[in-house]
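Reading the structure
The primary structure of each chain is shown beneath.
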Amino acid sequence: EEEIILKIYKRYHREFPQLRMVIAPRHVERASEVEGLIRSFGLNCCLFSKGTCRQETDSVLLIDTIGQLRQLYSVASFVFVGKSLTVPGGHNIIEPAFFAKPIVVGPKMQNFRDVMQAFVQAGAIVEVRDAQKLDAAVGRFLSEPAFAREIGHRAREVITQQKGATTKIVEEISRWME
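Residues numbered from 1 in each chain as written. Predicted model: local features only at pLDDT ≥ 70, side-chain atom pairs only at ≥ 80, totals over all residues. Heavy atoms only, no water.

Considerations on the packing of aromatic side chains
Taken as a whole and judged by the stated rule, the model has three aromatic pairs. On the basis of an interplanar angle of 90 degrees and a centroid distance of 5.0 Å, the ring pair of Phe-98 and Phe-99 is categorised as edge-to-face. Residue Phe-98 is classed as partly exposed on the basis of its relative accessible area of 33%. One aromatic cluster is present, formed by Phe-78, Phe-141 and Phe-147 through successive ring pairs. Here the guanidinium or amino end of Arg-11 rests over the ring plane of Tyr-12, the centre of that ring lying 4.3 Å away. Geometry around Phe-98 places Arg-70 over its ring, the cationic atom sitting 4.9 Å from the centre. (Phe/Tyr/Trp six-rings, centres within 6.5 Å; stacked < 30°, edge-to-face > 60°. Buried < 20%, exposed > 50% of the residue type's maximum accessible area, 1.4 Å probe, protein only. Lys NZ or Arg CZ within 6 Å of the ring centre and 35° of its normal.)

Written as structure tokens, this is what we have:
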């Protein structure tokens, strides 16, 4: 999926030069592989672990450590949650939703079916079938900031409506065990 998003980033970066991209591979041991891919696109790669990044306009920040996603989601304009476009599984969409970020995912979110259902029903996520549709979703987020904000707001609302679910589940289990 990194190759797909790098192509999309490179294309939109020409039109939106302020656009920056962060890639956080699921497995940090893939960082050197992803760094090579970023460089093969003619882009600069900045490793998060180095602590200092030059601010070239075509740099991609590569997260090569664990534990930074929450902080990064808080400053993102929009989020593509990977392992959902070409590989089955998906990743957690709750964290970026907490920060009211517009989220786009592919069709392979099997690991989060129930969560996805709530987001889809609320119109709180953009689900795409393929790379072409992902490209279109990114373009729409960039060219229609009000649309992006609305999707992010709906995502946050889904999270807010589920608040207290853990307490309810524990209470139900306790009643059942009695």
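A closer look at the sheet that holds strand S4 (residues 79-81)
Spatial ordering of the open sheet is given by S4-S5-S6, a layout of three strands whose pairing is parallel. Edge positions in the sheet fall to S4 and strand S6 (126-127), since each has one partner strand and no second. Sheet topology note: the strand S5 (residues 103-105)/S6 ladder contains two bridges and is parallel. Its bridge partner lying in S6, Val-105 is registered against Glu-127. (Pairing = 2+ DSSP bridges. Helix = DSSP H or I, 4+ residues; strand = E, 2+ residues; numbered from the N terminus.)

Quick word on the sheet that holds strand S2 (residues 44-47)
Taken in spatial order, the three strands of this open sheet run S1-S3-S2, and their pairing is parallel. Among the strands making up the open sheet, the edge pair consists of strand S1 (21-23) and S2. Shown here is a sheet whose adjacent strand axes are inclined to one another by a mean of 30 degrees, direction ignored. As paired strands, S2 and strand S3 (residues 59-62) are joined by four bridges and run parallel to one another. Note that in S3 the partner of Cys-45 across the bridge is Val-60. (Axes fitted to C-alpha atoms, helices over the stretch in contact; angles between N-to-C directions.)

Considerations on helix H6 (residues 131-143)
Over its 13 residues, H6 extends 18 Å from the first C-alpha to the last, a length consistent with the 18 Å expected when each residue adds 1.5 Å. Taken as a whole, H6 has its buried residues at Leu-134, Asp-135, Ala-137, Val-138, Gly-139, Phe-141 and Leu-142. (Expected span 1.5 Å × (residues − 1).)

Side note on the pattern of salt bridges
Enumeration according to the criterion identifies eight salt bridges in this entry. Across the pair Asp-135 and Arg-11 runs a salt bridge whose closest N-O atoms are separated by 2.4 Å. On the criterion of sequence distance, the pair formed by Asp-135 in helix H6 and Arg-11 in helix H1 (residues 2-15) is long-range, its members being 124 residues apart. Since its relative accessible area comes to 14%, Asp-135 is described here as buried. In this structure, Arg-30 engages Glu-33 in a salt bridge whose closest nitrogen and oxygen atoms are separated by 3.4 Å. Three or more residues are tied together by salt bridges with common partners; here these are Glu-2, Arg-30 and Glu-33. (Salt bridge = Lys/Arg side-chain N within 4 Å of Asp/Glu carboxyl O.)

What about the pairing of S3?
Summarising the sheet, S1 and S3 pair through three bridges and their orientation is parallel. Within S3, the position partnered with Met-21 by the bridge is Val-60.

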